[in-house]
Amino acid sequence: MGKRMTIIASSLLPWILSMVVMVARAEDPYLFFTWNVSYGTRAPLGVPQQVILINGQFPGPNLNTTTNNNIVINVFNNLDEPLSGIQQRKNSWHDGTPGTMCPIQPGTNFTYRFQVKDQIGSFYYYPSLGFQKAAGGFGGLRVNSRLLIPVPFADPEDDYTVLIGDWYSKSHVELRKQLDSGKALRKPNGVLMNGRQGKVGDDSEEPLFTMEPGKTYRYRICNVGLRNSLNFRIQGHNMKLVEMEGSHTQQAFYASLDIHLGQCYSVLVTADKEPMDYYMTASTRFTKYHLQGTGRIRYTNGKGLASPVLPEAPVSWAWSLNQFRTFRWNLTASAARPNPQGSYKYGQINITRTIKLANTDGTVDGKLRYAINGASHVDTETPLKLAEYYNIAEKVFKYDTIQDVPGPDSNQIKLGPVVLNATFRNFVEIIFENHEKGVQSWHLDGYSFFPVAIEVGQWTPDKRKNYNLLDTVSRHTIQVYPKSWAAILLTFDNAGMWQIRSESLERAYLGQQLYVSVVSPERSLRDEYNMPEWALTCGLVKGLPKPAPYV
């Protein structure tokens, strides 16, 4: 399913002053945005703190697009720190990570140009540099189906975005200094829902959303947090799961959903209860502490106040694992193209390479670091993709500094850029092993993959007999429970430099990430776009003549 681009905008971006739709001859429609990124003061937990605003909004505005739209975003960086960008198929030039792009310097602007090609679903954008996500700069991103593509449910009355995540009352600068000093962060101070913690029992609180009795609404729920998995539920209402990170699912009802870091679920909710207010609740999972955020839903003709008695969350990660096993791909539904999702027979493709990635932690020179197979990634001044494209990779990084299987010295953490060399169009198996006590969440840029199994213990080849090779949901983020492993399958058919990272911001910042270099041997425009003329350059490639373009 590597033919599907993953849209998580990894950037410290500003959003929306204007949006114009136009058709340029035979091209797909264009959407134009102007984003101004700045600091502002808000009090999401009741204490004033500095946050990152996009056009004055916290969280940032929703980006509402349709499959194959061309998106043009002019970003003005009014911060005192650099910014980074957005991701696209065949176009890691705009992937938004330090390994692919030069940052937007303070006081300057940059225009992103990308296409939401062959993609539908629910996503979000966020900053990727300098721990800035802990200050905001995130927002919802939806890609609607084209009118000619059938959707496996009736059009909802309205479409709502719910951004949930844990939050610190300290600024991102303070948190970053603490990590740079070698100390782990303490627990977060709360949970936000669309930038607000909510107050149970405060009947003066305005609702986040309204519903008309008898109507059905779509809620796109994304965990944009920093550290914790969250359980989401709506007081008195069941949720029908219909889509997950760009894939239509078999439809089933849930009273609550565990949503792990970086994940987005799309549900339908029908206003079929007594007309009054109801609470949405997001609360931490798998922790000794309890944090929660709430938001109100109001029936348009409602007269009753919301009950202060909130539904409780499940109590074990075994429950969460069992819920994961109920998620199934809708094989007959179309996604971005008319052909059914199930026409891609991922379970019938031979595996050509197995990569086992184990997360570890430790210290280097007395400072905390996180690692993968004993290697803790360090960003380089020259983005890895640019070094590779300009043929000076050997001056910036080495390929394959880790092996496909963790070695006996994996507990001895080494610092440096981590880049795996992958063969274009190989069908690979990646095993994420978690030997720690906390839940991990992993994301792969540039691809959707098939999470075919999550099990307790350590992975061995004979575990393949338990794989779901028929209808696991194609997605781009997967959780790994304590002392457990997760297996994913995918084809490396998207040329570029793509990041695999922990969705825990602390762990990724301190090295739990790597890049996969996927180079087409033909160096053809069929497989990868040329470096854009407007792309920023920095580090060792600044001022160098560009290599010959692909044809």
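In this text, all values refer to a predicted model and were calculated from it rather than measured experimentally. Every chain is numbered on its own, with residues counted from 1 as its sequence reads. Owing to the predicted nature of the model, reporting of local features is limited to residues with pLDDT of at least 70; listing and counting of side-chain atom pairs is limited to 80 or more, with chain, interface and lining totals taken over all residues. Neither water nor hydrogens contribute to the side-chain values; these are computed over all heavy atoms in the structure.

1. Section: helix H1 (residues 172–180)
And then number 1: Of the residues making up H1, those classed as buried are His-172, Leu-175, Arg-176, Gln-178 and Leu-179. For H1, the buried positions fall inside an angular range of 160° around the axis, keeping them on one side.
And then number 2: Buried residues belonging to H1 abut strand E3 (30–42), strand E4 (49–54) and helix H4 (505–509).
And then number 3: Only DSSP runs of H or I with at least four residues qualify as helices, and only runs of E with at least two residues qualify as strands; both kinds are numbered from the N terminus onward. Of the residues trailing H1, Gly-182 is marked for its positive phi of about 95°. Only protein chains enter the area calculation, which uses a 1.4 Å probe; residues under 20% of their type maximum are buried, those over 50% are exposed, and those in between are partly exposed. Directions are taken from the helix axis to each C-beta atom, and the arc is the one they span. Should any heavy atoms of two residues lie within 4.5 Å, those residues are counted as being in contact.

2. A word on the environment of Ser-122
And then number 1: Residue position: Ser-122 is located in strand E8 (residues 121–126).
And then number 2: We classify Ser-122 as buried; its relative accessible area is 1%.
And then number 3: Each C-alpha atom, one on Ser-122 and one on Asn-144, is 8.7 Å from the other, the two residues being 22 residues apart in sequence.
And then number 4: The residues contacting Ser-122, other than those within four sequence positions of it, are Leu-141, Arg-218, Arg-220, Glu-243, Glu-245, Gly-246, Cys-264 and Ser-266.
And then number 5: A polar atom in the side chain of Ser-122 sits 2.9 Å from the side chain of Arg-220. For the purposes of these results, a polar contact is taken to be a pair of N or O atoms within 3.5 Å, where, inside protein, one atom must be able to donate a hydrogen and its partner to accept one; residues adjacent in sequence count only when each atom of the pair is a side-chain atom.

3. Some points on the confidence of the model for the chain
And then number 1: pLDDT expresses, on a scale from 0 to 100, how confident the predictor is about each individual residue. Put simply, the chain has an average pLDDT of 92, and 94% of its residues get 70 or more.
And then number 2: For residues 1–26, every residue scores under 50 in pLDDT, and the model assigns this stretch 136 contacts once sequence neighbours within four places are set aside.

4. Re the sheet that holds strand E19 (residues 277–284)
And then number 1: Ordered in space as E12-E20-E19-E14-E17, the five strands form an open sheet in which the pairing is mixed. On the outer flanks of this sheet lie strand E12 (209–211) and strand E17 (256–259), each paired with one strand and no other. Each neighbouring strand pair of the sheet contributes to a mean axis angle of 25°, computed without reference to strand direction.
And then number 2: Across the sheet, helix H2 (residues 317–324) touches strand E14 (230–234) and E17, and the angle it forms with E17 is around 95°. Strand pairing follows a simple DSSP-based rule, namely that at least 2 bridges must link the two strands. For every element, the axis is a line fit to its C-alpha atoms; helices are fit only across the contacting stretch, and the angle between N-to-C directions ranges from 0 to 180 degrees.

5. A look at the side chain of Asn-434
And then number 1: When you line up the elements, Asn-434 lands in strand E26 (residues 427–434).
And then number 2: Of note is the side chain of Asn-434, whose polar atom sits 3.3 Å from the backbone oxygen of Val-480.
And then number 3: Engagement of the side chain of Asn-434 in a polar contact is seen with the backbone oxygen of Tyr-481, the distance being 3.1 Å.

6. Quick word on the state of the cysteines
And then number 1: Note on disulfides: each one is a pair of cysteine sulfur atoms within 2.5 Å. Summed over the entire model, instances satisfying the criterion amount to two disulfides.
And then number 2: Paired by a disulfide, Cys-222 and Cys-264 hold their sulfur atoms 2.1 Å apart. Measuring handedness by torsion sign, the sulfur bridge of Cys-222 and Cys-264 sits at about 115° and is right-handed. With a gap of 42 residues between them, Cys-222 in strand E13 (residues 216–223) and Cys-264 in strand E18 (residues 264–270) connect regions that are remote in the sequence. Taken as a pair, Cys-222 and Cys-264 share a single burial class, namely buried.
And then number 3: Sequential numbering of the bridged cysteines in the chain gives the disulfide pattern 1-4, 2-3.

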